[in-house]
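# Analysis of the macromolecular model
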Amino acid sequence: MLGKEIQILVGKEIRLELKQKYVINGILLYLLSTIFVTYLAFENAITPETWNSLFWIILLFVAVNGISKSFIQENSARYLYYYTIVSPQAVVLSKIIYNLFLMAILSMLSFGFFVLLMGNLVINIPLFLFALFLGSLGLSSILTMVAAIASRASHNFSLMAILSFPIVLPLLATLMKISRTALSTMDWSGTNGFLAILLTINIAVVLLAYLLFPYLWKD
Amino acid sequence: MARNIFSINQSMFKRDWWKYLSGVLLLYAILGGFIIKIPDTMIGETIRNLFFHVGMWFGMFTMLITGFIFSLRYLHKFDENEDIVAVEAVNVGLMFGFLGIFTGMIWANFTWGAPWVKDPKLNGAAVGLFIYLAYMILRGSIDDVHKRAKVGAVYNIFAFILWIVFVLILPKLSGESIHPGKESTPILPVHLDPALRFVFYPAMVGWILLGFWIMNIRVRMRKIKLKIDN
């Protein structure tokens, strides 16, 4: 039942996105121009440390920009319609899954563009890609939930950023630790604890979204 | 009939004993904290800050847990009073947080040579302040009372759990903190000198009780204000 609802809702998200192509194109252009600006600004200062920091910070900003629209585009009449036909859990899980697709694509693109402009400094590519995938999942679930919260408040543009930045930090700090390892050594052994934390954060956040979202969507 | 202000009403004492206890403990902590002979450590007399700075952290933590619990209770019962307790607990927690950072800066300036150093524990405290200041701004931007309480409670629960990961789990793993209290649990400093413990533990209890006292007064103030407004 829930699975079927999620499937339909994810399909709806994808169709909606393809119908309004300017939104996704806007995010893509944002990603490319941000990376290009940093490339020009940091021309002679790219060390593995700066590469790592820049990559995750840019990805964070792209994610906030890409996901913040998740709930704002739904007007209250459409909410009312969902209310009669699907469960709230299906709504939030479908948004998380859709945003995961989006983030997976965006993070792969930024990785590709980074490599193209600033060179590939990643030594352990499987570990880096694994971190990228878990990072996409974490970013999409935390930011989807924050977008749902921010959409309930009135006219506050910076709300999405101030609400999400401090609570995204545990995820981001862990990701940066793992990818720093991926940038310096082929050895996986030092990262086991951090990978465990990353998985725990992901599971906890999805669980919290599943439990808390029903309180958010009823007025 | 004129009442002697020093005569304590029996039933009032039964209700408010913990407030008196807090006053007595803190008086003991302040007097004892400045008078007792301290062990000879590298940081000299500044070890006395232990009774005050650490108390701020205990107070902040207790208040934020209280806020978390009352947010959960709000989502369970949708009783407005639960929300008032939650928000006032966070307010007092923020106050403790700012005072903790302030007392910590004085101490850090002496022991580490700079008011702020890059350290997981310090960052955790700062991130806590960011989270709860954002919580206040979120509440401020919603006009409807019930919606504000509900959205606030959801954010509080969500943010608190992620903050716990950041302050309690991550620093253990990265293991690069220079801040004391790492080898033991973050709650109880095991390596504390016995001479200091006689003041330290009562002081901590006193600060926590003081937090509940301030919270209690603020909750009552807010309820009266609500009554007047209606």
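Description of the structure in this document. (Residues numbered from 1 in each chain as written. Chains lettered and ligands numbered in written order. Predicted model: local features only at pLDDT ≥ 70, side-chain atom pairs only at ≥ 80, totals over all residues. Heavy atoms only, no water.)

### Digging into the overall build of chain A
Counted only if it meets this: Helix and strand labels come from DSSP, where a helix needs a run of H or I of at least four residues and a strand needs a run of E of at least two; each type is numbered from the N terminus. Restricting the calculation to C-alpha atoms gives the radius of gyration, and the globule rule supplies 2.2 Å times the number of residues raised to the power 0.38. Throughout, exposure labels follow a simple rule: accessible area from a 1.4 Å probe, protein chains only, divided by the maximum for the residue type, with under 20% read as buried, over 50% as exposed, and the rest as partly exposed. Residue contacts are counted whenever heavy atoms from the two residues lie within 4.5 Å of one another. In these tables, accessible area is a Shrake-Rupley quantity obtained with a 1.4 Å probe, and a residue counts as shielded only by the protein chains included in the view.
Of the regular secondary structure elements, chain A holds 9 helices and 0 strands. Listing every helix and strand of chain A by position from the N terminus yields α-α-α-α-α-α-α-α-α. Relative to a compact globule of 219 residues, whose C-alpha radius of gyration would be 17 Å, chain A shows 18 Å and is just as compact. Along the longest, intermediate and shortest principal axes, the C-alpha atoms of chain A span 55 × 35 × 30 Å. Among the 219 residues that make up chain A, the fraction classed as buried is 51%. Taking contacts inside chain A between residues at least 6 apart in sequence as the whole, the part at least 24 apart equals 85%. On chain A, roughly 9,900 Å² of surface is accessible, and the fraction owed to carbon and sulfur atoms is 71%.

### Here we look at the pattern of salt bridges
All names here are of chain B. Quick reminder of the rule: Any Lys or Arg side-chain nitrogen located within 4 Å of an Asp or Glu carboxyl oxygen qualifies as a salt bridge.
All chains considered together, the criterion is met by 11 salt bridges over all chains. Across the pair Arg73 and Glu82 runs a salt bridge, and its minimum N-O distance is 2.8 Å. Relative accessible area serves as the criterion here: at 36%, Arg73 is assigned to the partly exposed category. For Glu82, a relative accessible area of 6% gives the class buried. For Glu88, the salt bridge goes to Arg222, with nearest N and O atoms at 2.7 Å.

### A short note on helix α1 (residues 10-35) of chain B
Residues and elements named next belong to chain B. Stated formally: By definition, a residue's bend is the angle between the axes fitted to the seven residues ending there and the seven starting there.
Helix geometry: α1 is bent most strongly at Asp16, by close to 70 degrees. Inspection of α1 places Asp16, Trp18, Lys19, Ser22, Leu25, Leu26, Ala29, Gly32 and Gly33 among the buried residues, and these make up the whole buried set. Contacts made by the buried residues of α1 are with α2 (50-77) and α6 (194-229).

### Description of the packing of aromatic side chains
All names here are of chain A. What counts here: Between rings of Phe, Tyr and Trp, where Trp is taken as its six-membered ring, a pair exists when centres lie within 6.5 Å; planes separated by under 30 degrees are stacked, by over 60 edge-to-face, and by other angles tilted. Criterion for a charge above a ring: Arg CZ or Lys NZ at most 6 Å from the ring centre, at most 35 degrees from the ring normal.
What the rule picks out here adds up to 25 aromatic pairs over all chains. Here the aromatic cluster, defined as three or more aromatic residues joined through ring pairs, consists of Trp51, Phe55, Trp56, Phe111, Phe114 and Phe128. Stacked on the ring of Phe71, the Lys or Arg Lys95 has its end atom at 5.0 Å from the ring centre.

### Observations concerning the interface of chain A and chain B
Often, the extent of an interface is quoted as the loss of accessible area upon association of its parts. Heads up, the rule is: Two parts lose some accessible area (1.4 Å probe) when they are put together, and adding that loss for both gives the buried area. Polar contact is the term for a pair of N or O atoms within 3.5 Å; when the atoms are in protein, one must be able to donate a hydrogen and the other to accept it, and sequence-neighboring residues count only if both atoms are side-chain atoms.
Contacts between chain A and chain B engage 29 residues on the former and 27 residues on the latter. The contact between chain A and chain B buries some 2,600 Å² in all, and 83% of this surface belongs to carbon and sulfur atoms. For the pair chain A and chain B, the number of links is 0 salt bridges. Counting every contact that joins chain A to chain B gives 2 residue pairs in polar contact (both at pLDDT 80 or more). Going through the elements one at a time, α7 (125-152), α8 (159-184) and α9 (192-217) of chain A are the ones with two or more residues in the side of chain A that touches chain B. Ranked by the residues each element gives to the side of chain A that touches chain B, the list is headed by α8 of chain A, at 10 residues.

### What about a nonpolar patch on the surface?
Our working rule: For patches, a residue must show more than 30% relative accessible area and have no salt bridge; joins then use 9 Å for like charges and 5 Å for nonpolar side chains, namely Val, Leu, Ile, Met, Phe, Trp and Tyr.
On the surface, Met12, Phe13, Trp17, Tyr20 and Leu21 of chain B cluster together into a nonpolar patch covering about 460 Å² of accessible area. Secondary-structure assignment places Tyr20 of chain B in helix α1.

### Focus on the environment of Ile157 of chain B
Within the element layout of this structure, Ile157 of chain B appears in helix α5 (residues 145-174). Relative accessible area serves as the criterion here: at 3%, Ile157 of chain B is assigned to the buried category. In the structure, Ile157 of chain B is positioned 63 residues away from Arg220 of chain B in sequence and 24 Å away in space, judged by C-alpha atoms. Other than its neighbours up to four places away in sequence, Ile157 of chain B contacts Leu208 and Leu212 of chain A together with Phe68, Ser71, Leu72 and Leu75 of chain B.

### Quick notes on the layout of surface pockets
As a reminder of what qualifies: In this analysis, the protein atoms alone were mapped onto a 1 Å grid. Cavities are point sets where a 1.4 Å probe fits without being able to get out; pockets are open sets with protein on both sides within 12 Å along at least five of seven lines; lining residues have an atom within 4 Å of a point. Grid points are joined across faces, edges and corners, and a volume is the space filled by probe spheres set on the points. Ten residues, namely Ala, Val, Leu, Ile, Met, Phe, Trp, Tyr, Cys and Pro, are considered nonpolar, four, namely Asp, Glu, Lys and Arg, are considered charged, and the remaining ones, Gly among them, are considered polar.
Looking at the second largest pocket, its volume works out to about 650 Å³. Forming the boundary of the second largest pocket are 22 residues, of which Ala173 and Lys177 of chain A together with Lys118, Asn123 and Phe166 of chain B lie nearest the centre. When contributions to the lining of the second largest pocket are tallied by element, the ones reaching two or more residues are α8 of chain A together with α4 (120-140) and α5 of chain B. Top element by residues in the lining of the second largest pocket is α8 of chain A. It accounts for 7 residues. Residues belonging to the lining of the second largest pocket are distributed by class as follows: 13 nonpolar, 4 polar and 5 charged.

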